[in-house]
Amino acid sequence: MTRETSARTLTGRKVLLIFIAFFGIVTAVNIVMIYSATSTFPGLVVKNSYVASQNFDAERNAHNALGWSAGAGLDDGELTVAIQDRDGAPVHGLAVSAIIGRPATNEGERIVDLHPSGDVYIAHPGLPKGAWRIEIRAQGGPEETFRALTRVYQPSDKD
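Residues numbered from 1 in each chain as written. Predicted model: local features only at pLDDT ≥ 70, side-chain atom pairs only at ≥ 80, totals over all residues. Heavy atoms only, no water.

**Looking at the packing of aromatic side chains**
Thought 1: Counted according to the given criterion, the structure contains three aromatic pairs.
Thought 2: For the pair Phe22 and Phe23, a centre-to-centre distance of 4.9 Å together with 80° between the ring planes defines the contact as edge-to-face.
Thought 3: We classify Phe23 as partly exposed; its relative accessible area is 40%.
Thought 4: Aromatic rings pair up to connect Phe19, Phe22 and Phe23 into one cluster. (Phe/Tyr/Trp six-rings, centres within 6.5 Å; stacked < 30°, edge-to-face > 60°. Buried < 20%, exposed > 50% of the residue type's maximum accessible area, 1.4 Å probe, protein only.)

As structure tokens, then:
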């Protein structure tokens, strides 16, 4: 009885090539993922955290002393920001601006000025559909600086 040997014998060289190909693919995918993660969002909120921390307590205490709160909404392309005092009354006479960007990237950030309209402040930033990060900045007087961070969603026509 004769035994025929298969033409596809698993040799040490084939195992080595399979091993190298497997880890080569894993390494390539990891490099692509690392590049994608670091190129879209640097993870920085401020350029120098030590300098930003020097006045943090004083700014936080002044902010809390105001007792203001803010809410933002996006309706039909119009950004509406309502700022209220601790009693829930609207705060008038502020210079309000907003830094608008995507939640996961600093790319394409823009600053818009909001204008008073009744009890709210409005702007028409022309945002495309999707989620947006809004950093509200309001200035009343020299001692009245307010910041708030919120997210809004601009629905598509199909939503």
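Continuing now.
**Focus: the nonpolar core**
Thought 1: Ranked by internal contacts, the top residues of the largest apolar core, which has 23 residues, are Leu79, Ile83, Leu94, Val96, Ile100, Leu114 and Ile134.
Thought 2: Those elements that place two or more of their residues in this core are β2 (78–84), β3 (95–101), β4 (110–117), β5 (120–123), β6 (130–139) and β7 (145–154).
Thought 3: Looking at this core, the element that brings in the most residues is β6, giving four residues. (Core = buried A, V, L, I, M, F, W, Y, C linked by side-chain atoms within 4.5 Å. Helix = DSSP H or I, 4+ residues; strand = E, 2+ residues; numbered from the N terminus.)

**Regarding the sheet that holds β2**
Thought 1: Here we have seven strands laid out as an open sheet, ordered β1-β2-β5-β4-β3-β6-β7, and antiparallel in their pairing. Each edge of the open sheet carries a strand with a single partner, namely β1 (69–75) and β7. Averaged over all pairs of adjacent strands, the angle between their axes in this sheet comes to 30°, without regard to strand direction.
Thought 2: Here three bridges tie β4 to β5, and the two strands are oriented antiparallel to one another. Each residue of the ladder has a partner; that of Ser117, found in β5, is Val120. (Pairing = 2+ DSSP bridges. Axes fitted to C-alpha atoms, helices over the stretch in contact; angles between N-to-C directions.)

**Quick look at the pattern of salt bridges**
Thought 1: This structure, assessed with the given rule, holds three salt bridges.
Thought 2: For Arg133, the salt bridge goes to Glu109, with nearest N and O atoms at 2.8 Å. You can see Arg133 sitting in strand β6 and its partner Glu109 sitting in the loop between β3 and β4, a full 24 residues away along the chain.
Thought 3: Residue Glu109 is classed as partly exposed on the basis of its relative accessible area of 36%. (Salt bridge = Lys/Arg side-chain N within 4 Å of Asp/Glu carboxyl O.)

**What about the side chain of Gln154?**
Thought 1: Positionally, Gln154 belongs in strand β7.
Thought 2: Apart from the residues within four sequence positions on either side, Gln154 is in contact with Leu74, Gly77, Leu127, Pro128, Lys129, Gly130 and Trp132. (Contact = heavy atoms within 4.5 Å.)

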